[in-house]
Amino acid sequence: MRIRIVKGGWGMVADVYVDIAHSEVDQPFTYLVPPELKIAPGQRVTVPFGRGNALKEGFVLSMSEHAPEGAARFKSIAGTLEPYTALLPDQLKLCEWLKQTYHCLTVDALRLMIPAQMRGGRVKENRVRMVGLAENCDAERVRATLLNRAGQAKAPRQLEVFDLLAASKNFLSVSDIESFIPGAGGAIHKLIEKGVLVEMGSVTFRSPFPQPPPASEPLVLTREQEDACSRILKAQQCGTGAFLLHGVTGSGKTEVYLCSIARAIERGRTAIVLVPEISLTPQIVDSFRARFGERVAVLHSRLSAGERYDEWRRIRTGRVDVVIGARSAVFAPLERLGLIVVDEEHEPSYLSEQIPAYNAVEVALKRCQITGSTLVLGSATPSIASYYRAQRGRYELIELNERASGARMPEIEISDMRREFLAGNNSIFGETLLQRLRACLEAGEQAILFVNRRGYSTFVSCRGCGYVFECGDCDVSMTYHKADGVLRCHYCGRERFLPEVCPSCGKKYIKYFGVGTQQVEEQLKKLLPGVNTLRMDMDTTRTKDAHRTMLEAFAKGEAQVLVGTQMIAKGLDFPNVTLVGVIAADSLLHLPDYRSYERTFQLITQVSGRAGRAKHPGHVVIQAYTPEHPVIQFAAGQDYKGFYAYELANRRAALFPPFSIFVRVLFTGANEAGPMQEAERFREGLEKALLAHLEKRGADPAELLFILAAPAPIKRRQAMYRYHVLIKLLRTGNTAGLISEIYRFADANRSPCFTALLVNPQDMF
């Protein structure tokens with residue numbers, strides 16, 4: 001993929017990767033460049049391909065003035081798809097790194113760089129029909145022809161249209177004219193026929209922003225913030241640096257980002273800001289647009305195809321200084337890149353589990369190295385892996401230990417739900433939380449209630465025979481959604497109505513178990529009649545702009561209580577929120593995942609940080625059935641360093657990451673025998689290959705901690721049986737070679753059941 005220009009020879013030729021995701025086609029094909037086409041590496045082109053010479057899209061990755069032997073027999077590029085290169089030089093280098101690091105096809109890496117709808121021409125520029133007075137139009141003479149001898153309009157609408165355009169002295173869109181003059185379409189057509197008006201098309205950008213941003217001035221930085229900005233600026237000036245910004249909730253990390261980006265822009269550089277959740281995008285985008293105006297673009301999955309394409313075009317054509325978005329925004333075609341910020345760097349959503357299975361944090365670091373940019377990872381609860389790297393010097397650690405507003409950290413108390421139960425309280429709400437809620441609402445303040453499950457109940461079962469309602473396509477229980485009256489699978493979306501009697505025993509002993517957001521909202525309204533609530537989860541935020549609409553309503557005080565899942569746990573700032581309640585805080589502690597302690601601590605700490613961020617003191621009530629658990633205690637004490645030491649010791653003892661690496665190879669099939677047999681065959685061959693690799697290097701075979709083939713924890717999903725091979729490697733100097741060996745073996749032994757190969761996957765299910 002190296003860009004090369006070689007002098008001399010017969011004409012220009014280009015190496016083109018045809019946009020077909022197949023291993024047999026994943027290679028450069030040489031095409032002649034017609035003299036009339038202006039082409040450069042990074043251009044998207046159409047080329048004749050195959051025996052039938054069907055036109056296919058492709059990417060030019062390199063060019064040469066030295067044509068190979070027999071060049072006259074080569075096919076020629078048919079045309080270009082854009083008048084500019086779609087990929088920048090640093091993106092081409094990043095594609096090569098992606099291919100090598102994540103062992104994907106070149107085309108898979110290239111496709112990450114552009115909006116999906118660009119491929120195949122599924123989205124076009126938005127052209128607006130514009131009309132204006134013809135050149136050298138004598139306005140007085142023309143107007144006279146539109147009047148009769150009595151000075152009245154022969155055709156009133158034609159005269160209105162003419163007068164409007166004459167007064168504006170500019171071209172106007174037909175839609176704007178029709179908003180002034182209803183039914184003006186026919187009049188415009190007649191005036192064009194008469195030669196009075198001329199028509200032209202104007203390309204516009206579809207905007208995802210509902211209104212222009214209000215202006216804001218930079219805040220006065222605290223001493224800690226100023227020190228952080230100075231250290232980041234020094235690194236920017238050197239074109240290096242990777243920082244971990246560890247700041248308590250409310251410490252002003254966003255202001256550090258804004259300050260660092262402003263200084264980058266002053267130096268003629270640009271910046272990318274990654275956020276993990278769409279729900280965070282409206283607030284952070286508003287902050288950045290208020291500071292940097294219209295030169296901010298946004299990229300996330302809730303944009304329409306046209307909006308995403310137009311935002312990409314604005315970025316590529318240099319109309320943007322700052323790009324904000326989810327993980328794919330790391331590939332934004334920004335020139336003069338100077339800074340990449342990854343907010344809430346600990347979030348698992350930065351890892352893609354689709355091919356290529358990339359880690360956006362790793363990609364951001366590599367792109368910074370390629371472009372001479374600075375990387376800033378920010379979090380109140382950094383991942384164990386990132387903090388471990390900072391402790392070992394791979395990242396430079398910056399700490400913000402105090403809230404920027406001067407507000408105190410919230411007071412946190414743990415409510416022992418075992419005592420509540422023994423006292424006869426079967427409600428979701430313990431007496432402590434209920435009392436705090438009443439006091440909060442009476443004071444005219446707002447509260448947030450966090451529960452980790454959407455829906456009404458986690459599962460539904462028959463108390464007579466024990467039957468559990470499960471998805472017919474997935475080996476998981478279905479969640480009851482009372483508002484819709486349905487059972488829904490959260491893995492494949494399958495729905496069914498809840499019967500009145502058990503389908504197994506025919507009895508009416510159906511019972512709901514577990515707590516979801518719908519049930520929390522319902523019980524809250526029963527206990528506190530008249531309370532206005534908003535529920536924010538995957539079910540209520542499916543529509544476009546639902547996140548923004550809901551957050552704006554809560555910010556305006558249209559609801560007193562916000563009930564939600566993980567999407568409300570981080571990054572949101574509401575000055576009037578003084579109370580946070582955490583329902584069933586220990587529900588995540590016992591999941592079969594080595595990161596369950598880490599994720600529980602992060603969620604409790606993050607959501608607790610939403611309370612008391614302004615002038616009113618904050619209070620947090622953590623409801624738990626195991627209140628003595630160390631993770632609950634560390635979270636209640638907002639003690640990240642204590643938790644880090646505790647968790648790192650546990651992982652060292654169990655040889656979990658960062659002291660080891662997990663690799664998961666997944667096999668799926670409609671019939672169980674296929675993936676089961678393929679997984680065992682793959683395990684047997686791979687184990688021999690890995691042990692041979694270690695023996696060749698004189699390494700201890702115990703570095704392969706284990707390798708096993710087994711059914712996936714969710715054995716069936718979306719009607720497909722799932723088996724996996726799970727490999728655990730001790731992290732040593734041989735680890736990189738072992739991972740490469742796994743990829744090599746997988747490439748040579750793929751089967752129809754082979755689905756994915758993931759290193760340290762976020763989802764082991």
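Residue numbers run consecutively from 1 along every chain, following the written order of its sequence. Reporting in this predicted model follows two pLDDT cut-offs: at least 70 for local features of residues, and 80 or more for side-chain atom pairs to be given and counted; totals over whole chains, interfaces and linings ignore these cut-offs and use all residues. Excluded from the side-chain calculation are hydrogens and water; included are all heavy atoms of the structure.

1. Concerning the overall build of the chain
- Counting from the N terminus, the helices are the DSSP runs of H or I reaching at least four residues and the strands are the DSSP runs of E reaching at least two. Across its full length, the chain carries 21 helices and 30 strands.
- Taking 27 Å as the expected radius of gyration for a compact globule of 765 residues, we find that the chain reaches 30 Å, a close match to that expectation.
- Principal-axis analysis of the C-alpha atoms places the extent of the chain at approximately 95 × 75 × 65 Å.
- Accessible area is worked out with a 1.4 Å probe on protein chains only. A residue is then buried under 20% of its type maximum, exposed over 50%, and partly exposed in between. The 765 residues of the chain split such that 51% are buried.
- Residue contacts are counted whenever heavy atoms from the two residues lie within 4.5 Å of one another. Nonlocal contacts in the chain, meaning residues at least 24 apart in sequence, comprise 74% of its contacts between residues at least 6 apart.
- For the chain, the accessible surface area stands at approximately 34,200 Å², while carbon and sulfur atoms represent 50% of it.
- Of the charged side chains in the chain, 95 are positive and 83 negative, and the gap between their average positions amounts to 3 Å. Both definitions apply: the radius of gyration is a C-alpha atom measure, and the globule rule equals 2.2 Å times residues to the power 0.38. Under the convention used here, a 1.4 Å probe and the Shrake-Rupley method define accessible areas, while residue burial counts only the protein chains that appear. Asp and Glu are treated as the negative residues and Lys and Arg as the positive ones, with His and the ends of the chain left uncounted. In plain terms, the charge of a residue is placed at NZ if it is Lys, CZ if Arg, CG if Asp and CD if Glu.

2. Quick look at the sheet that holds strand E8 (residues 197-204)
- On the basis of which strands lie adjacent, the open sheet formed by 3 strands has the order E7-E6-E8 and antiparallel pairing. The open sheet has two edge strands with one neighbour each: strand E7 (172-173) and E8.
- Here, any two strands with at least 2 DSSP bridges between them count as paired. Inspection of the sheet shows strand E6 (residues 126-133) paired to E7 by 2 bridges, in the antiparallel sense. The residue of E7 that forms the bridge with Met-130 is Ser-173.
- Interaxial angles span 0 to 180 degrees and are taken between N-to-C directions of axes, which are lines fitted to C-alpha atoms, for helices over the stretch in contact. With respect to the sheet, helix H4 (residues 156-168) is in contact with E6, E7 and E8, its orientation differing from that of E6 by roughly 95 degrees.

3. Considerations on the sheet that holds strand E12 (residues 322-325)
- Strand order in the open sheet formed by 7 strands is E11-E12-E10-E13-E14-E9-E15, with parallel pairing between adjacent strands. With partners counted over all chains shown, the strands left at the sheet margins are strand E11 (296-299) and strand E15 (396-400), one partner each. The mean inter-strand angle of the sheet, taken between neighbouring strand axes irrespective of direction, is 20 degrees.
- Where E11 meets E12, 4 bridges bridge the pair, whose relative direction is parallel. Paired with Leu-299 across the two strands is Gly-325, which belongs to E12.

4. Side note on the nonpolar core
- Definition used in this section: a nonpolar core is a set of buried Ala, Val, Leu, Ile, Met, Phe, Trp, Tyr and Cys residues joined via side-chain atoms within 4.5 Å. Residues Leu-87, Leu-98, Val-323, Val-342, Val-363, Leu-375 and Ile-622 are the most contacted members of the largest nonpolar core, which totals 93 residues.
- In this structure Leu-98 touches His-103, Cys-104, Ala-109, Leu-112, Met-113, Phe-331, Tyr-358 and Val-363, once residues within four positions along its chain are discounted.
- By size, the runner-up hydrophobic cluster in this structure holds 29 residues, among which are Ile-232, Cys-259, Ala-271 and Val-273.

5. Some remarks on the environment of Asn-650
- Tracing the backbone through its elements, the reader meets Asn-650 in helix H19 (residues 640-654).
- Here the alpha-carbon distance between Asn-650 and Glu-442, two residues 208 residues apart in the chain, equals 44 Å.

6. Some remarks on the pattern of salt bridges
- Any carboxyl oxygen of Asp or Glu that lies within 4 Å of a side-chain nitrogen of Lys or Arg is treated as forming a salt bridge with it. Across all of its chains, the model carries 42 salt bridges by this definition.
- A salt bridge links Arg-419 to Asp-416; the shortest N-O distance between them is 3.8 Å.
- Connected via shared salt-bridge partners are Glu-125, Arg-127, Arg-206, Asp-310 and Arg-313.

7. Looking at the pairing of strand E3 (residues 44-49)
- Among the 6 residues in E3, 6 count as buried, and that is most of the element.
- Side chains Arg-44, Thr-46 and Pro-48 project from E3 onto one buried face, and the interleaved Val-45, Val-47 and Phe-49 project onto a second face that is buried too.
- Both E3 and strand E4 (residues 54-64) contribute to a ladder of 6 bridges, which runs antiparallel. The residue of E4 that forms the bridge with Pro-48 is Leu-55.
- Connecting E3 to the next strand, E4, in antiparallel fashion are 4 residues, including Gly-50 with a positive phi near 80 degrees.

8. Examining the packing of aromatic side chains
- Only Phe, Tyr and Trp rings are paired, with Trp represented by its six-membered ring, and only when their centres lie within 6.5 Å; those with planes under 30 degrees apart are stacked, over 60 edge-to-face, the remainder tilted. Counting across every chain of the model gives 22 aromatic pairs.
- Between Tyr-467 and Phe-469, the ring centres sit 5.1 Å apart and the planes meet at 85 degrees, which makes this aromatic pair edge-to-face.
- One aromatic cluster is present, formed by Tyr-387, Phe-601, Tyr-640, Phe-643 and Tyr-644 through successive ring pairs.
- Charge-over-ring contacts are defined here by two conditions on Lys NZ or Arg CZ: a distance within 6 Å of the ring centre and an angle within 35 degrees of the ring normal. Here the basic side chain of Arg-716 rests over the ring of Tyr-721, its NZ or CZ set 5.7 Å away from the ring centre.

9. Comments concerning the environment of Gly-466
- Here Gly-466 shows up in the loop between strand E18 (459-462) and strand E19 (479-481).
- Distance in space between the C-alpha atoms of Gly-466 and Ile-510 is 9.4 Å, their sequence separation being 44 residues.

10. Here we look at the packing of helix H12 (residues 384-391) against H19
- Where H12 meets H19, the closest approach of the two axes is 11 Å, and the angle between their N-to-C directions is 95 degrees. When the axes of H12 and H19 are compared, the pair comes out roughly perpendicular. Between H12, through Ile-384, Tyr-387, Tyr-388 and Gln-391, and H19, the contact on the second element is made entirely by Tyr-640, Lys-641, Phe-643, Tyr-644, Glu-647, Leu-648 and Arg-651.
- For this classification, Asp, Glu, Lys and Arg are treated as charged, while Ala, Val, Leu, Ile, Met, Phe, Trp, Tyr, Cys and Pro are nonpolar and the rest, including Gly, are polar. Residue classes in the contact of H12 with H19 are distributed as 7 nonpolar, 1 polar and 3 charged. For classification purposes, angles smaller than 35 degrees are called roughly parallel, those larger than 145 roughly antiparallel, those between 65 and 115 roughly perpendicular, and all remaining angles oblique.

11. Regarding the side chain of Glu-703
- Locating Glu-703 in the fold gives a position in the loop between helix H20 (673-696) and strand E28 (704-717).
- For Glu-703, which is buried and forms no salt bridge, the nearest opposite charge comes from Arg-697, at a distance of 9.2 Å.
- Looking at Glu-703, its side chain comes within polar contact range of the side chain of Asn-734, at 3.2 Å.
- In contact with Glu-703, not counting residues within four places along its chain, are Leu-694, Lys-728, Leu-729, Leu-730, Thr-732 and Asn-734. Polar contact is defined as a pair of N or O atoms within 3.5 Å, subject to the rule that within protein one atom must be able to donate a hydrogen and the other to accept it, and that residues adjacent in sequence are counted only when both atoms are side-chain atoms.

12. Things to note about the confidence of the model for the chain
- Per-residue pLDDT for the chain has a mean of 89; in total, 95% of the residues score no lower than 70.
- Below a pLDDT of 50 lies the segment residues 1-9, which in the model reaches 23 contacts outside its immediate sequence neighbourhood of four places, other chains included. Each residue carries a pLDDT score, the predictor's own confidence in it, on a scale running from 0 to 100.

13. Here we look at the state of the cysteines
- Cysteine sulfur atoms are paired as a disulfide whenever they fall within 2.5 Å. For the structure on display, the rule yields 0 disulfides.
- The thiol of Cys-95 is unpaired, and the distance to the nearest cysteine sulfur, on Cys-104, comes to 8.3 Å.
- Residue classification places Cys-95 among the buried positions, given a relative accessible area of 0%.

14. Some points on unusual backbone geometry
- Residues Ile-355 and Pro-356 are joined by a peptide bond in cis, for which omega reads -5 degrees.
- In this structure, Pro-356 sits in the loop between strand E13 (337-343) and helix H11 (360-371).
- Omega for the peptide link from Pro-657 to Pro-658 comes to 15 degrees, which places this bond in the cis form.
- As for its position among the elements, Pro-658 is in the loop between H19 and strand E27 (660-669).
- Of note, Arg-336 is a non-glycine position whose phi angle comes to about 55 degrees, a positive value.
- Its place among the elements puts Arg-336 in the loop between E12 and E13.

15. Things to note about H12
- Along H12, the residues classified as buried are Ile-384, Ser-386, Tyr-387, Tyr-388 and Ala-390.
- In the core, the buried residues of H12 are packed alongside strand E9 (242-247), strand E14 (374-379), E15, helix H17 (596-608) and H19.
- Phi for Gly-393, located one or two positions after H12, is positive at around 95 degrees.

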